[in-house]
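Structural overview
Each chain is listed here by its residues.
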Amino acid sequence: MTLNVNGTPRTLVVDNRSSLLDVLRERLGLIGAKKGCDHGQCGSCTVLVEGRRANACLLPAVAQDGYDITTVEGLAAADGERLHPLQRAFLDRDGFQCGYCTPGQLCSAVGMIAEAEAGHPSDATDPGHPAKTPVALTAAEIRTRLSGNICRCGAYPNIVAAVEDVIE
């Protein structure tokens, strides 16, 4: 199978029981996405699959054949010198404590911003919001949309502030 990981095609022979998370971490050495709960409940393993956020621990790797996968390592500029604006904002706003959840939070935030721009509503979106029009990312929208990513250290206010800085 071939995974297009962070813009690079990676061809592998993979056990059909392997999760995408295990392949990324153990076979490709991309250790940014973390194994937290291994049940899709904490969000530490969040990556972008075809631009949409997904819990890599729940995805069979073989089902991702040919897909574009972006991990936290792929968010920065290709030259490795410039951080993604969200990575910079997390640093500026201290949007992390221990850092364990940070890669998942970052990938989830990138996906969330794209979802809102595409007009995908959340539970916090006004029911009267016109379909398929961008959704404004208020603090309530950000908190709701990132609720699948748990930060045990409680850096939520700083994470929300970092996202707000980027979308302004």
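Reference entry: report on the structure contained in this document. Bear in mind the structure is a predicted one, so any value in this text is a computation, not a measurement.

The next thing to look at is the side chain of serine 122. If you trace the backbone, serine 122 turns up in the loop between helix H3 (102–117) and helix H4 (139–145). Engagement of the side chain of serine 122 in a polar contact is seen with the backbone nitrogen of alanine 124, the distance being 3.0 Å. Beyond its immediate stretch of four places on either side in the chain, serine 122 contacts Glu141, Thr144 and Arg145.

Using the criterion set out here, one finds eight salt bridges in the structure. Ionic pairing is found between glutamate 115 and arginine 53, a salt bridge with its closest N-O pair at 2.9 Å. With a gap of 62 residues between them, glutamate 115 in helix H3 and arginine 53 in strand E4 (residues 52–55) connect regions that are remote in the sequence. A residue is classified by how much of its surface remains accessible, and arginine 53, at 23% relative accessible area, is partly exposed. Shared partners join several salt bridges into a network, and the residues in it are Asp22, Lys35 and Asp38.

Turning next to the nonpolar core. With 24 residues, the main nonpolar core has Leu86, Met112, Ile142, Leu146 and Val163 as its most contacted residues. Elements represented by at least two residues in this core include exactly helix H2 (85–93), H3 and helix H5 (156–167). A total of seven residues in this core trace back to one element, the largest contributor, which is H3. Beyond its immediate sequence surroundings of up to four residues, isoleucine 142 is in contact with Met112, Leu137, Val160, Val163, Glu164 and Ile167. Within the second largest apolar cluster, 19 residues are counted, among which are Leu20, Ala56, Ala61 and Ile69.

With 16 residues, H3 should cover 22 Å at 1.5 Å per step; its first-to-last C-alpha distance of 22 Å lies within 8% of that length. Burial runs high along H3: 14 of the 16 residues are buried.

This brings us to the sheet that holds strand E3 (residues 46–49). Strand order in the open sheet formed by five strands is E2-E1-E5-E3-E4, with mixed pairing between adjacent strands. Each having just a single partner strand, strand E2 (8–11) and E4 make up the two edges of the open sheet. Geometrically, the sheet is characterised by an average inter-axis angle of 35 degrees between neighbouring strands, direction not taken into account. In this structure, strand E1 (residues 2–5) lies alongside E2, joined through four bridges in antiparallel fashion. Bridge pairing links valine 5 to threonine 8 in E2. Sheet strands in contact with H3 are E3, E4 and strand E5 (68–70), and its direction is about 40 degrees off that of E3.

Moving on, we come to the pairing of E3. Across a regular strand the side chains alternate sides, sitting on one face of the sheet and then on the other. Here E3 shows two buried faces, one formed by Thr46 and Leu48 and the other by Val47 and Val49. Remark: two residues form the turn of the hairpin made by E3 and E4, two consecutive strands paired antiparallel; glutamate 50 in that turn has positive phi of roughly 55 degrees. Summarising the sheet, E3 and E5 pair through two bridges and their orientation is antiparallel. Paired with valine 49 across the strands is isoleucine 69, a residue of E5.

In the contact formed by H2 and H3, the axes pass within 10 Å of each other and the chain directions differ by 125 degrees. When the axis of H2 is compared with that of H3, the two are oblique. The handedness of the crossing between H2 and H3 comes out as right-handed. Judged by residue contacts, Leu86, Gln87 and Phe90 of H2 engage Thr102, Gln105, Leu106, Ala109, Val110 and Ile113 from H3. Among the residues forming the contact of H2 with H3, the class breakdown is six nonpolar, three polar and no charged.

About the criteria used
- Residues numbered from 1 in each chain as written.
- Predicted model: local features only at pLDDT ≥ 70, side-chain atom pairs only at ≥ 80, totals over all residues.
- Heavy atoms only, no water.
- Helix = DSSP H or I, 4+ residues; strand = E, 2+ residues; numbered from the N terminus.
- Polar contact = N/O pair within 3.5 Å; in protein donor to acceptor, adjacent residues only side chain to side chain.
- Contact = heavy atoms within 4.5 Å.
- Salt bridge = Lys/Arg side-chain N within 4 Å of Asp/Glu carboxyl O.
- Buried < 20%, exposed > 50% of the residue type's maximum accessible area, 1.4 Å probe, protein only.
- Core = buried A, V, L, I, M, F, W, Y, C linked by side-chain atoms within 4.5 Å.
- Expected span 1.5 Å × (residues − 1).
- Pairing = 2+ DSSP bridges.
- Axes fitted to C-alpha atoms, helices over the stretch in contact; angles between N-to-C directions.
- Parallel < 35°, antiparallel > 145°, perpendicular 65-115°, else oblique.
- Left-handed = near helix turned anticlockwise from the far one by under 90°.
- Nonpolar A, V, L, I, M, F, W, Y, C, P; charged D, E, K, R; others polar.

Distances and angles like these do not, on their own, reveal function.
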